[in-house]
Amino acid sequence: MKKNPFFLNIVLAAVTGFVCAGMLLIRAFAPAMLVPALDLPLYAAITIAALVIDRYVASQASREWIANILLGGLTLSLLPMCAGFVPAESMWGLFLINSILFGVLTALYTGLRTRMNGKAAPAIHGLVLLLACQCLQGLL
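First, a word on scope: everything that follows refers to the structure included in this document. Computed from a predicted model, the values in this text were never measured in an experiment.

## Considering the overall build of the chain
Link 1 in the chain: What the chain contains, in helices and strands, is 5 helices and 0 strands.
Link 2 in the chain: N-terminal to C-terminal, the α/β element order of the chain is α-α-α-α-α.
Link 3 in the chain: Since a compact globule built from 140 residues should have a radius of gyration of about 14 Å, the 15 Å found for the chain is in line with a globular shape.
Link 4 in the chain: Oriented by its inertia axes, the alpha-carbon framework of the chain measures out at about 45 × 30 × 25 Å.
Link 5 in the chain: Counting all 140 residues of the chain, 37% fall into the buried class.
Link 6 in the chain: Considering only residue pairs separated by 6 or more positions, the chain has 78% of its internal contacts joining residues 24 or more positions apart.
Link 7 in the chain: Of the roughly 8000 Å² of accessible surface on the chain, a fraction of 74% belongs to carbon and sulfur atoms.
Link 8 in the chain: Where the 8 positive side-chain charges of the chain centre and where its 4 negative ones centre are 17 Å apart.

Structure, rendered in structure tokens:
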């Protein structure tokens, strides 16, 4: 399992499913509570969480880049649509944006892989990458 080139997509599906299930539970049992919107920083946080978990569990796995990017875009688009957070009409645009986001973040995080020394380094690099995504969201 650690050498599986699609392990990142398995972890991404688990993290996305966990976030969607949590948001559904919040909406069902606490309807007065504000649920965060599914926007670019949340998709980036889901992707970075999956990348950090992948780095800790399967640090030496190779990647099939095109298939991983397409599957990552599908995962980030279809699971929120199935949970009822995204209308089906906007799925193709969301797929394109999520594929680009997943591809860029995966390439950046994989590029940082050679500089990671220590046990806390993957989490710290993920946090810095998340803060950079939030800064860029403010510019958009």
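## A closer look at the side chain of Thr106
Link 1 in the chain: Topologically, Thr106 is positioned in helix H4 (residues 91–111).
Link 2 in the chain: At a separation of 2.6 Å, a polar atom in the side chain of Thr106 contacts the main-chain carbonyl oxygen of Phe102.
Link 3 in the chain: Other than its neighbours up to four places away in sequence, Thr106 contacts Leu8, Leu51, Arg63 and Trp65.

Criteria and thresholds
Throughout, a residue's number is its position along its own chain's written sequence, starting from 1. In view of the model being predicted, local features appear only for residues whose pLDDT reaches at least 70, and side-chain atom pairs are presented and counted only at 80 or more, with totals across whole chains, interfaces and linings using the full set of residues. Side-chain numbers come from the whole structure's heavy atoms, not from hydrogens or water. The helix count covers DSSP runs of H or I at least four residues long, the strand count covers runs of E at least two residues long, and both are numbered beginning at the N terminus. We compute the radius of gyration over the C-alpha atoms and compare it with the globule rule, which gives 2.2 Å times the number of residues raised to the power 0.38. Buried means the residue's accessible area, taken with a 1.4 Å probe over protein chains only, is under 20% of the maximum for its type, while exposed means over 50%, and partly exposed covers the values in between. Contact between two residues is taken to exist if any of their heavy atoms lie within 4.5 Å; hydrogens are not considered. Shrake-Rupley sampling with a 1.4 Å probe provides the accessible areas, and residues are treated as covered by the protein chains on show and by no other component. Counted as positive: Lys and Arg. Counted as negative: Asp and Glu, with His and the chain ends omitted from the count. Here the site of a charge means NZ on Lys, CZ on Arg, CG on Asp, or CD on Glu. Nitrogen and oxygen atoms within 3.5 Å of one another constitute a polar contact, given that in protein one can donate a hydrogen and the other can accept it, and given that sequence-neighbouring residues count only through two side-chain atoms.

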